[in-house]
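Per-entry structural report
Here is how the chains run, residue by residue.
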Amino acid sequence: MRLLVFMIFLAVGSVQADSMSGLTKLEVFKSKTCGCCVKWIEKLNEKGFDAFGINLEQLSSFKSSKGIAPRYQSCHTALSSDGFLFEGHVPAKHISQFLSNPIAGAIGLAVPGMPFGSPGMEVGGRFDKYSVLVLMEDGSAEIYAHIAGPSDQ
């Protein structure tokens, strides 16, 4: 019984330590062979997140179960502790903005595909303009932000 009480104390203590650290925790579901996912996680952690990867064998079925239509999918899906998802190479700046002021009826943000120059997809000086989308519970999406250059990230 004392061991159980001690284990509960440790669990509660670690949760309090996480919440006191002020870092936003993100679980990133990805393929074990995807290097750009690892780079994206590193970029998030450089911006003050507590992001970590979880390798999955069936990513597409996982994404579908979370309500992410195939046209909005990318190579990884992050989940916040409050249940929002971030699909693909969403810049940390936009994740922070969204979490600070969530949109009613939204499930999260997405950057479909893998645009060159997006966080984790840096290839020399190449940069493809892209949009960050807000994904809605009804399956629709709207533009959340236009990314015309690296400074917009």
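Structure shown above.
Attention in this report is confined to the structure presented alongside it. Everything quoted here is computed from the prediction, not taken from an experiment. (Residues numbered from 1 in each chain as written. Predicted model: local features only at pLDDT ≥ 70, side-chain atom pairs only at ≥ 80, totals over all residues. Heavy atoms only, no water.)

1. Looking at the sheet that holds strand E1 (residues 24-30)
For sheets, the rule is that strands pair by backbone hydrogen bonds, running either parallel or antiparallel. Read from one edge of the open sheet, seven strands run E2-E1-E3-E4-E5-E6-E7, paired in mixed fashion. Bordering the open sheet on either side are strand E2 (49-55) and strand E7 (141-147), each of which pairs with just one other strand. Here the average twist between neighbouring strands, direction ignored, is 20 degrees. Inspection of the sheet shows strand E4 (residues 85-88) paired to strand E5 (residues 106-111) by four bridges, in the parallel sense. (Pairing = 2+ DSSP bridges. Helix = DSSP H or I, 4+ residues; strand = E, 2+ residues; numbered from the N terminus. Axes fitted to C-alpha atoms, helices over the stretch in contact; angles between N-to-C directions.)

2. Here we look at helix H2 (residues 35-46)
Residues three or four positions apart in an α-helix share a direction because the helix packs 3.6 residues into each turn. Compared with the 16 Å implied by 1.5 Å per residue over 12 residues, the 17 Å span of H2 between its first and last C-alpha is a close match. Every buried residue of H2 is listed here: Cys36, Cys37, Trp40, Ile41 and Leu44. One side of H2 holds all its buried residues, which, seen down the axis, span an arc of 145 degrees. Against E1, E2, strand E3 (77-80), E4 and helix H4 (92-100) lie the buried residues of H2. Looking at the residues trailing H2, positive phi occurs at Gly48, about 95 degrees. (Expected span 1.5 Å × (residues − 1). Buried < 20%, exposed > 50% of the residue type's maximum accessible area, 1.4 Å probe, protein only. Arc of directions from axis to C-beta. Contact = heavy atoms within 4.5 Å.)

3. Some thoughts on the packing of aromatic side chains
The full count for this structure, using the stated rule, is five aromatic pairs. Seen in terms of ring centroids, Phe29 and Phe62 are 4.5 Å apart; in terms of plane orientation they differ by 40 degrees. Their pairing is tilted. Here Phe29, found in strand E1, pairs with Phe62, found in helix H3 (residues 59-65); they are 33 residues apart in sequence, far enough to count as distant. The class of Phe62 is buried, set by a relative accessible area of 14%. Summarising the aromatic geometry, the rings of Phe86 and Phe98 are spaced 5.9 Å apart at their centres and angled 85 degrees between planes, so their arrangement reads as edge-to-face. Taken as a pair, Phe86 in strand E4 and Phe98 in helix H4 lie far apart in primary sequence, 12 residues in all. Each member of the pair, Phe86 as well as Phe98, is classed as buried. Clustering of aromatic rings is evident, with ring pairs tying together Phe84, Phe86, Phe98 and Tyr144. (Phe/Tyr/Trp six-rings, centres within 6.5 Å; stacked < 30°, edge-to-face > 60°.)

Note that every value here comes from positions in space, so none of it alone points to a role or purpose.
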